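Descriptive structure summary
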Amino acid sequence: MPSRFIRVFLIAAACALSASLGGPGRATGQSAATALGDGRRAPAGVFSGAEGALSVPAVVLADPGVRVDGRLDEPAWAEAPLLTGFTQFDPSEGIPASQPTEVRVFVDDEAIYFGIRALDAEVGAVRATMAERDNVTRNDDYVRVILDTFHDSRRAYVFSVNPYGVQQDGIWLEGGRGNRRFGPPIDDNPDFIWESGARIESWGYAVEIRVPFKSLRFPRLPVQSWGLQITRRIQRSGYEQSWAPSFASQPNKLAEAGELAGLRNLDPGLFLEVNPALTARRIGELDDAGRFGRGGVNPDFGLNVTYGLTSNLTLDGTFNPDFSQVEADAGQIAINERFALFFPEKRPFFLEGTEIFGLPTQLVFTRTIANPIAGAKLTGKVGGLSLGYLGAIDERDGSDDVLVNLVRVRGDVGATSTLGAVYTDRTEAADVFNRVLGADARLVFRRRWTLELQTARSWDDDGGGLSAGQLLTARIARASRGLAFNAELEDIAPDFRAESGFIRRIGDTRAQGRLSYNWYGRPGAFVERVGPAFEFETFWDHETFWDGGRWKEGEARLQASLSLRNNFTLFLTASRGEFRSPAAAYEGLVSGPAENPRPFRPDPALFEGLYGLRVFFFASGLERVRGRVTLEASETPIFDRGLGVPVAPADQRSVDINLTLLPTTRLRADLSLRHESLYRKLDGALHSKATIPRLRAQFQFNRALFVRGIFEYRSQESGDLFDPGDGSAVALCGDDGCSVRTGVRSNEISVEGLISYEPSPGTVVFVGYTRRLEDGDAFRFRDVRTQADGLFAKVSYRFRR
C-alpha cells in the first residue's frame, strides 16, 4: 500500500521540480517599488540599497536624552529616519498592511534605539497581557525587531515587545528548528540585557527599545551595515506585516531584510559579566523503611563569568553552576511508547549562545551533561566562520567523572549557504569513551530550494571493545506560498552511538516526504486559506534497506487544512499504515501453556491496513480564551516496550485539550487534559489508559514579579501482554527463566508553587516549593501519600561593565 503512495508522491514531486527548474521563478527579494506596486513612494529616509533592498542610513545622535518609557516625546525622535510602507505577508502577501506602522531608528555611542508607533483604527482592540518575560508572542499583539549584525543572512538577534513593554528575545538561525513546530526558526532561550517601554493609546500603542552594543556581537570593521527587518502581529486577526516585503517562496527570510547602512566605528568597550548565584534547598523523601523525613538545609554557591574577547567572540566560564529548574517537565503519556521521550533543555548556561550546535539530526543535546562541576564556552564569528566550543566536567555517582568536549564550526558559502563540521567527545577513562565526528551542509539554490546534508561517524568503547557506526541524512525542500514540497532520508547504522546527542531510533533507515498546495481567499475574506497535503513516512532496518528489502513500518497521510478569519484553524488527517518486524526481533518471547510454551510470532496481517483519523482545531482570535483541541481515533499495535515489537492490534482513542484563560491582563491560567486509551481487538477489553490533567496559574504583579502555582495528576496504567491468537499470556524467556510481560500502574500527583522576582536576565530572587505524592487509586484521593518534597530558593545578581 505505501509503495503506491510513494510512487505517486515522487511523480508529483518530479513535476514540481521540473516546473521550478524550467522557469525563472520569483526573485529572492523585491524592491520597494515592486513590492508596493501601487505608486506609493518609498518611506521617508529610506532608499534602495544593493539589489533593490530597502536601506535606511544610520543616524548618529550624540546625546539623545531618550527615556525608554514608550512615550516617544523626546526631540531626538524627530531627527531619526522614518520607516513606513509596511506590507502584509500573512495571510496575504505584498498588499498594504491592514493597520499602519511607523518606525524611527538611530544610534548613539553606546546603543541602538527604535521608536515604533503601531496604529490601530479599532479603538480598544489591542490585545496585551502583563506577561512573564519571553511569553508574549503566543497571546499578544507585538512588534519585533530583527538585527542581522553580521549582515550574512544566517543569524540574527530578535527583540519582541508587547503593548505593555514585556520583552521576548532570542536568536533567529536560518536552517535551525527554533522552539516550535511552526513559525520562524527562533530560539527563544538566549536572554539579553536591553530596555523596552510601551504604552497603549487610543490610536494603538507605542514602543521604545534601546539595545546596548554590549549585548550584541558584530564585526570589527570601521564601516558596516546590518540587516534590519521589523515585523508586527495583530493578534485578533492573525495578520502579520513587515517593513521589508516578505514572501513564502523565499526559504531564507533573513535574505529579505532591509539594511541599516553606514554604521561607523562601533565599539562595545570592555564586556565583562559576573553572575554569582546562591541557592539553598531542603529535601524531604522516604527512607528505606518507608518513613518520610526531611534533611537539613543544603546551601550552594555558583559563579558564571562572561568575557568579550572581541566584539565578535565571547568566552563563558562557570563553576558549580546552578542548573536548577523552577518548573518540572510537563507530563507525557508513555503507556505504549517504544522509544525515549524528549524533554527540552532548561538550564541557562547550556541555552545561551549554543544555537550553533543545532543540527538536522541532534548530535548535541546538552541535557546529557547531567551534573556538571564546571564548564566553559567559546562562541562567536570570525570572518565567514562561526565557532562554538563547550566543555564540561560531569560528575557521576559511583564512577569516574566524565569529561565532555563539544566543538562546532560552520562556514558561509555564497549568499545564504553554509558548510559545517562537529566533533563530540565524552571520555570517562582511557578505554571508556564516545566520540563523534560529522559534517553538514545547507545549500540554497534556484531561489526557493534548500538542500540539507549531514554525515557523521561514531567511535564507542564501553570497556569491552571498540565499535563504529555511520549516520547519513539528506533533506530537500521547496518553499512556496502555493505548492510546497519536502523529502528526507535518514540512515543510522546499528552501531552508531551519539552519547552527547539525542536520537530516538538507532539502526533504522527513514524516508519521509510531504507535498502540499494552498489556495488563498481574497484579503479580508472569511476563508483565508484552504489546502490539501499528502505525506508519508517509512522505516526499514538499516541492513534491509541497503539490501533492497521491504520496509518494517510505513504510514501515508492525507490532510486537509482550513484557516478562517480571526485566527481559527482546522486540520483533518486520515492515515493508513502498517507495522512488521522480522521473526528474529521476537527472540525470547513465548506464549501458550506455561508448561509447554511456544515461540511467540504474531500474524503480520494483523498489523496491515491500520487506519487513523485525527482532528485538530486551533483558536487564538478570542480576547480572553485561546485553545487547541486534538481528537484521534486509530488502529495501532500494542508494543512490547522492552523489545519494541508489535504484539497485538488495538483501537486507540485519544484527546488532547489545551486552554489558556486570560480573565484579566495580569492573571493567566493554562489548563490541559491529555487522555489516551487502548482497547484490545482480541476481546475489546481495555489494555491501557493514561489521563494527565494539568493546571498552571500565574499572577503577574508587574513585568518582574509573579507568583505561580501548578497542579498535575499523572494516572497511567497498562495491562499484561496477550497472544492475539489464543489469548494466552506473553512471556520473555532468558537464562534466568521466563517472566510474564506484566503491565504497570502509577498515579502521581505533583504540586508546585513559586514566587519570582527577575528585573533583568541573570538578576533573580525566587522561593519555591514542590511536592510529589502517590494516590492509591486513580483520582480517588483517598490514600494519598507523600513521596518527596522540596523547598528551594535562589538569589543571583548579574554584574556588567
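For clarity, every value in this text was computed on a predicted model and none was experimentally measured. (Residues numbered from 1 in each chain as written. Predicted model: local features only at pLDDT ≥ 70, side-chain atom pairs only at ≥ 80, totals over all residues. Heavy atoms only, no water.)

1. Observations concerning the overall build of the chain
Along the chain, the regular secondary structure elements total five helices and 46 strands. Looking at the 801 residues of the chain, the share that counts as buried comes to 50%. Surface summary for the chain: the accessible area is close to 35600 Å², and the carbon and sulfur share equals 55%. (Helix = DSSP H or I, 4+ residues; strand = E, 2+ residues; numbered from the N terminus. Buried < 20%, exposed > 50% of the residue type's maximum accessible area, 1.4 Å probe, protein only. Areas by Shrake-Rupley, 256 points an atom, 1.4 Å probe, with all protein chains shown as cover.)

2. With respect to the packing of aromatic side chains
If you walk through the whole model with that rule in mind, you get 24 aromatic pairs. Summarising the aromatic geometry, the rings of Phe 106 and Tyr 113 are spaced 4.7 Å apart at their centres and angled 15° between planes, so their arrangement reads as stacked. Among the residues examined, Phe 106 registers a relative accessible area of 1% and is labelled buried. For Tyr 113, a relative accessible area of 4% translates into the label buried. The interplanar angle of 75° and the centroid separation of 6.0 Å between the aromatic rings of Phe 766 and Phe 792 together place this pair among those described as edge-to-face. Taken together, the residues Phe 766 in strand E44 (residues 763-775) and Phe 792 in strand E45 (residues 784-796) connect sequence positions 26 residues apart. There is no split in this pair, since Phe 766 and Phe 792 are both buried. By way of ring pairs, the aromatic residues Tyr 157, Phe 159, Phe 192 and Trp 194 are connected into one cluster. Directly above the aromatic system of Tyr 520 lies the positively charged group of Arg 481, at a separation of 3.5 Å from the ring centroid. (Phe/Tyr/Trp six-rings, centres within 6.5 Å; stacked < 30°, edge-to-face > 60°. Lys NZ or Arg CZ within 6 Å of the ring centre and 35° of its normal.)

3. Here we look at the nonpolar core
Counting residues in hydrophobic clusters, the biggest one holds 39 residues, and the most contacted among them are Ile 112, Phe 114, Leu 147 and Leu 228. Counting residues per element, the ones that place at least two in this core are strand E2 (54-57), strand E5 (101-107), strand E6 (111-119), strand E7 (142-148), strand E8 (155-161), strand E12 (204-212), strand E13 (223-234) and strand E15 (258-264). Not counting residues within four places of it along the chain, the set of residues in contact with Leu 228 comprises Val 56, Leu 83, Phe 114, Val 145, Ile 146, Leu 147, Trp 243, Ala 257, Gly 258, Glu 259 and Leu 260. In this structure, Phe 350, Val 364, Ala 392 and Val 402 belong to the second largest nonpolar core, which totals 20 residues. (Core = buried A, V, L, I, M, F, W, Y, C linked by side-chain atoms within 4.5 Å. Contact = heavy atoms within 4.5 Å.)

4. Topic: the pattern of salt bridges
For the structure on display, the rule yields 52 salt bridges. Arg 210 is the partner of Glu 195 in a salt bridge, and the nearest nitrogen-oxygen pair spans 3.2 Å. Taken together, the positions of Glu 195 in strand E11 (residues 195-201) and Arg 210 in strand E12 put the pair 15 residues apart, joining distant regions of the chain. Looking at Glu 195, the relative accessible area reads 37%, which means it is partly exposed. Judged by its relative accessible area of 15%, Arg 210 falls in the buried class. Through salt bridges with shared partners, one network takes in Glu 132, Arg 668, Asp 670, Arg 696 and Arg 708. (Salt bridge = Lys/Arg side-chain N within 4 Å of Asp/Glu carboxyl O.)

5. What to know about the state of the cysteines
One pass over the full model with this rule turns up one disulfide. Here Cys 733 connects covalently by a disulfide to Cys 738, the sulfurs 1.8 Å from one another. The disulfide joining Cys 733 to Cys 738 has a torsion of about 105° about its S-S bond and is therefore right-handed. (Disulfide = S-S within 2.5 Å.)

6. Some words on the sheet that holds E12
The five strands lie next to each other as E3-E5-E6-E12-E11, forming an open sheet whose pairing is antiparallel. Whereas interior strands pair on both sides, the edge strands pair on one side only; in this sheet they are strand E3 (82-83) and E11. Of the pairings in the sheet, the one linking E3 to E5 comprises two bridges and is antiparallel in character. Bridge assignment links Leu 83 to a residue of E5, and that residue is Val 103. (Pairing = 2+ DSSP bridges.)

7. Some points on the pairing of E13
Two faces make up the sheet, and in a regular strand the side chains alternate between them. Within E13, 10 of the 12 residues are buried, which leaves the element mostly enclosed by the surrounding structure. Alignment of E7 against E13, held across seven bridges, turns out to be antiparallel. If you follow Ile 146 over to E13, its bridge partner there is Gln 229. The sheet contact formed by E13 and E15 spans five bridges and is antiparallel. In the strand pairing of E15, Val 223 is matched with Arg 264. Here E13 runs beside strand E14 (residues 239-242); their pairing, made up of four bridges, is antiparallel. Of the residues in E14, the one forming a bridge with Thr 231 is Ser 242. Remark: four residues form the turn of the hairpin made by E13 and E14, two consecutive strands paired antiparallel; Gly 238 in that turn has positive phi of roughly 80°.

8. Section: the confidence of the model for the chain
Put simply, the chain has an average pLDDT of 88, and 90% of its residues get 70 or more. A low-confidence stretch, residues 1-13 stays under pLDDT 50, and its non-local contacts, those more than four residues away or across chains, total 18 contacts. Under a pLDDT of 50 for its full length, residues 15-44 has, in the predicted model, 47 contacts with residues more than four places off or in other chains. (pLDDT = per-residue confidence, 0-100.)

9. Focus on the sheet that holds strand E42 (residues 737-740)
Strand order across the open sheet formed by four strands is E34-E33-E41-E42, with antiparallel pairing between neighbours. With one partner strand each, in any of the chains shown, strand E34 (598-599) and E42 form the two edges of the open sheet. With four bridges joining them, strand E41 (residues 731-734) and E42 adopt antiparallel strand pairing. The residue bridging Cys 733 from the neighbouring strand is Cys 738, located in E42.

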